[in-house]
Amino acid sequence: MNGQSSQQQPKDGRHDDDAALTEFLASLMDYTPTIPDELVEHYLSKSGFQCPDVRLTRLVAVATQKFIADVATDALQQCKARQSAVIKDKRDKQQKDKRLILTMEDLSKALREYGVNVKHQEYFADSPSAGLDAASREE
């Protein structure tokens, strides 16, 4: 008896997984991803992948959205860590400017954790005051 019940459990578990996958794929038909289907299809076809199933396209869009959100969250953590280190170094300066300024360095560190290496040119504007007019720099 024990041998028979142990053989049936993997089949039941697999059936549950198949049912959950089928339900998830069906839910993708009603979901409108942040990344448009046309954009995903463009990059999939550019890489040589063709699939007429819109559910698969949306699955790639959801995975891409998750990846971007994870990278953005990690870059935000890098930014907060960098700016808190600067504040500790400059204890005499008041902490009235609480804006977080995301730099390419923050983004590069976050992407590096995912195996993506980003290199930028030396002339790339990467200072917190880059792009601000003189009046807003003095604030």
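Residues numbered from 1 in each chain as written. Predicted model: local features only at pLDDT ≥ 70, side-chain atom pairs only at ≥ 80, totals over all residues. Heavy atoms only, no water.

K.L.:
Teacher, can you tell me more about the overall build of the protein here?
P.N.:
Looking only at helices and strands, one finds five helices and zero strands in the protein. In sequence order, the secondary structure elements of the protein are arranged as α-α-α-α-α. Here the protein holds 139 residues, and 15% of them are scored as buried. Long-range contacts, defined as pairs at least 24 residues apart, comprise 61% of the intrachain contacts of the protein with a sequence gap of at least 6. Of the accessible surface of the protein, which amounts to about 11200 Å², a share of 54% is contributed by carbon and sulfur atoms. (Helix = DSSP H or I, 4+ residues; strand = E, 2+ residues; numbered from the N terminus. Buried < 20%, exposed > 50% of the residue type's maximum accessible area, 1.4 Å probe, protein only. Contact = heavy atoms within 4.5 Å. Areas by Shrake-Rupley, 256 points an atom, 1.4 Å probe, with all protein chains shown as cover.)

K.L.:
What am I meant to see in the environment of Gln83 here?
P.N.:
Note on placement: Gln83 falls in helix H3 (residues 54-89). Spatially, the C-alpha atom of Gln83 lies 9.7 Å from that of Arg99, the residues being 16 residues apart in sequence. Beyond its immediate stretch of four places on either side in the chain, Gln83 contacts Arg99, Leu100 and Ile101.

K.L.:
What's the story with helix H2 (residues 37-46) in this structure? I'm lost.
P.N.:
In an α-helix, one full turn covers 3.6 residues, which means residues spaced three or four apart are oriented alike. Among the residues of H2, Asp37, Val40 and Leu44 are the ones counted as buried. What you see down the axis of H2 is that its buried residues fit within an arc of 65 degrees, all on one side. Those residues of H2 that are exposed and aimed more than 90 degrees away from the buried face are Glu38 and Lys46. In the stretch just after H2, Gly48 is the one whose phi turns positive, near 95 degrees. (Arc of directions from axis to C-beta.)

K.L.:
Please explain the packing of aromatic side chains as it appears in this structure.
P.N.:
Evaluated as defined, the whole model comprises one aromatic pair. Ring plane angle 80 degrees and centroid distance 5.4 Å describe the contact between Phe67 and Tyr114, whose orientation is recorded as edge-to-face. Residue Phe67 is found in helix H3, and its partner Tyr114 is found in the loop between helix H4 (104-112) and helix H5 (134-138); the two are separated by 47 residues along the sequence. (Phe/Tyr/Trp six-rings, centres within 6.5 Å; stacked < 30°, edge-to-face > 60°.)

K.L.:
Is there a simple way to explain the pattern of salt bridges in this structure?
P.N.:
A pair can form between side chains of opposite charge whenever their charged atoms are brought close. Tallied over the full model, the rule gives five salt bridges. Between Asp53 and Arg55 there is a salt bridge, with its nearest N and O atoms 3.0 Å apart. Taking relative accessible area as the criterion, Asp53 reaches 27% and is therefore assigned partly exposed. The exposure class assigned to Arg55 is partly exposed, which follows from its relative accessible area of 30%. The salt bridge involving Lys109 is made with Glu105; its shortest N-O contact spans 3.3 Å. Within this pair, Lys109 and its partner Glu105 are both found in helix H4, separated by four residues, close to a single helical turn. (Salt bridge = Lys/Arg side-chain N within 4 Å of Asp/Glu carboxyl O.)

K.L.:
How should I be thinking about the confidence of the model for the protein in this particular structure?
P.N.:
Close reading of the predicted structure is inappropriate where its pLDDT is low. The predicted model of the protein averages 79 in pLDDT, with 70% of residues at 70 or higher. Of all the helices and strands in the protein, H5 carries the lowest mean pLDDT, 51, while H2 carries the highest, 95. Note that pLDDT drops below 50 for residues 1-9; the model gives that stretch zero contacts with residues more than four away or on any other chain. (pLDDT = per-residue confidence, 0-100.)

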